[in-house]
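Chains, contacts and geometry: an overview
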Amino acid sequence: MLKAFIAVLIFCISSISLAQQKPLNIIVFGAHPDDCDETTGGTAILWSKMGYNVKFVSLTNGDAGHHEMGGGELAKVRMAEAQEAKKRFGIAEYEVLDHHDGELMPTLDVRLEVIRRIRQWNADVVVTPRTNDYHPDHRYTGVLVQDASYMVIVPNVAPDTPPLKKNPVFLYVEDRFLKPNPFIPYIAVDISDVYEQKIQALAGHNSQMFEWLPWTVGMLDQVPAGEKERLEWLGKTRSGTITPEIRKSLVKWYGGEKGNKVVQAESFELCEYGRHPSDDEIRFIFPMLGK
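Description of the structure in this document. Going along each chain's sequence as written, the residues are numbered from 1 onward. Since the coordinates come from a predicted model, pLDDT governs what is reported: local features require at least 70, and pairs of side-chain atoms require 80 or more to be given and counted, while whole-chain, interface and lining totals use all residues. Remark: hydrogens and water are excluded; side-chain values derive from all non-hydrogen atoms of the structure.

With that settled, consider helix α7 (residues 206-216). Taken together, the buried positions of α7 are Ser207, Gln208, Met209, Phe210 and Pro214. Buried residues belonging to α7 abut α2 (35-49), α3 (71-89), α6 (195-202) and α8 (227-237). Strands here mean DSSP runs of E at least two residues long; helices mean DSSP runs of H or I at least four residues long; both are numbered from the N terminus. Phi turns positive one or two residues past the end of α7, at glycine 218, with a value near 70°. Exposure categories follow from relative accessible area, calculated using a 1.4 Å probe and restricted to protein chains: below 20% of the type maximum is buried, above 50% is exposed, and the middle band is partly exposed. Every residue pair with non-hydrogen atoms within 4.5 Å of one another is taken to be in contact.

On to the packing of aromatic side chains. Pairs of aromatic rings are described using the distance from one ring centre to the other and the angle between the two planes. Centres within 6.5 Å are what make two rings of Phe, Tyr or Trp a pair, Trp counting through its six-membered ring; a difference in plane orientation under 30 degrees is then read as stacked, over 60 as edge-to-face, and the rest as tilted. This structure, assessed with the given rule, holds eight aromatic pairs. Plain terms: the ring middles of tyrosine 186 and tryptophan 253 are 6.2 Å apart, the flat faces sit at 70° to each other, and that makes the pair edge-to-face. Of this pair, tyrosine 186 sits in the loop between β5 (169-173) and β6 (187-190) while tryptophan 253 is found in helix α9 (residues 244-254), placing the two residues 67 residues apart along the sequence. The exposure class assigned to tyrosine 186 is partly exposed, which follows from its relative accessible area of 30%. Judged by centre distance (6.5 Å) and plane angle (40°), the ring pair of phenylalanine 210 and tryptophan 233 falls under tilted.

Okay, the pattern of salt bridges next. Note on definitions: salt bridges are taken to be side-chain nitrogens of Lys or Arg within 4 Å of carboxyl oxygens of Asp or Glu. Enumeration over the complete set of coordinates arrives at 13 salt bridges. For glutamate 84, the salt bridge identified is with arginine 88, shortest N-O distance 2.9 Å. Of this pair, glutamate 84 and arginine 88 both sit in helix α3, four residues apart, which is roughly one turn of that helix. The exposure class assigned to arginine 88 is partly exposed, which follows from its relative accessible area of 32%. A salt bridge links arginine 117 to glutamate 95; its shortest N-O distance comes to 3.1 Å.

Listed below in structure tokens is the structure:
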């Protein structure tokens, strides 16, 4: 009887502690303007609608990501596109750092920039790519955020910015790379209801969605001219695949009936370097998950 009472008391205290954190502050890191949008855009829309404070950060200015323009001209275009996407996603902030695209390195100076931004946002949750990727900027973004994960609570590191009082939960975004280890979709979020809004927001990155990225895969001639047709085309080409592992995660969080019907999802892996959340805390971080 006493054990049962203690268990209930602990649960209540935990619930009160979680409730006091609202609204959560979530910061998402990507290497380029549009990376956060692709991996976390749907979930960010849902978070924002629930009152959470979401910030996207691009560690480079994207000044190499085009086949016809580059340098300062392209950086200005991509900054404007990021701000347009911010409005369409409905997130709180979208910051683009002034590091050259294709030249990001995991240096101490950049790590300190990442630490300061996590602290300044008073982040409860930090989202980042894994270090498995074809693009060095993507890999090093993962390295930089991983390297910051413990340091954000260390007062003598970046002492000009007060340290966090507790370590955030760190999450990896989905990728399909298998070596040295595959992505584990521990959390999967149904974004079907906001997928159209995500596509509209992605379309704010005109230079990427309709020019550069199609050019890199030899599909530039397939991009439609009309706005409606472009959005339909983008929705089809950016649609993710729900793997058996992601489906299993959806069923875990939403139950079999709903989890098996999800058509668009974003998934996340827990990073062992940050705080280790319980399933109850995960449901608090992701209120859109089933009960």
